[in-house]
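Coordinate analysis (summary)
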Amino acid sequence: MMLNQRVSAAKKIASDLHLAEDAIDEAMIRIAQLAATLPTARRETNMSAIVGQEAMAKVAHALAAAGDVRQLLTDAHLALTVTQKEVGLGTRMFGAGVKPAAAKLVDEGSNDRSGAGAPTFAKAG
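Owing to the predicted nature of the structure, the values given are computational and were not obtained by experimental measurement.

Another point: the overall build of the protein chain. Of the regular secondary structure elements, the protein chain holds two helices and two strands. Listed N to C, the secondary structure of the protein chain is α-α-β-β in terms of helices and strands. Within the protein chain, the proportion of its 125 residues that are buried is 22%. Sequence separation of 24 or more characterises 60% of the internal contacts of the protein chain that already satisfy a separation of 6 or more. Of the roughly 8500 Å² that the protein chain leaves accessible, carbon and sulfur atoms contribute 62%.

Now the structure itself:
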């Protein structure tokens with residue numbers, strides 16, 4: 001596969017990955033807001049703690065499950081950094097975002113030395 005095709009594919013993957021990461025973050029925010037609203041509403045209406053307990057437990061479980069999904073996505077993100085090296089894209093960055101402090105901007109390991117202006121990928125690790 002030509003370098004341009006690999007770069008194009010990598011950009012699409014990075015874009016879709018970032019959209020998925022943003023979506024799960026948004027879902028977690030919404031679930032957490034609901035988790036706060038339920039006991040607040042119960043207290044404001046002076047209901048027993050028993051009222052709505054099953055629903056509250058389900059919402060808490062949904063938030064934990066969303067956290068598991070987020071972990072899987074971040075695991076996939078890290079696995080894709082390995083894949084990009086395997087396909088000869090080295091350590092290039094595809095997409096915006098602040099990387100964690102442990103990530104270092106590096107140029108080493110890239111099979112593509114085609115020139116300036118190419119984005120650099122923050123290597124996880």
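Right, let's talk about the confidence of the model for the protein chain for a bit. Of the residues in the protein chain, 71% have a pLDDT of 70 or more, and the chain-wide mean is 80. Across the protein chain, the secondary-structure element scoring lowest on mean pLDDT is strand 1 (residues 104–105), at 38, and the one scoring highest is helix 2 (residues 53–86), at 95.

Criteria and thresholds
- Residues numbered from 1 in each chain as written.
- Predicted model: local features only at pLDDT ≥ 70, side-chain atom pairs only at ≥ 80, totals over all residues.
- Heavy atoms only, no water.
- Helix = DSSP H or I, 4+ residues; strand = E, 2+ residues; numbered from the N terminus.
- Buried < 20%, exposed > 50% of the residue type's maximum accessible area, 1.4 Å probe, protein only.
- Contact = heavy atoms within 4.5 Å.
- Areas by Shrake-Rupley, 256 points an atom, 1.4 Å probe, with all protein chains shown as cover.
- pLDDT = per-residue confidence, 0-100.

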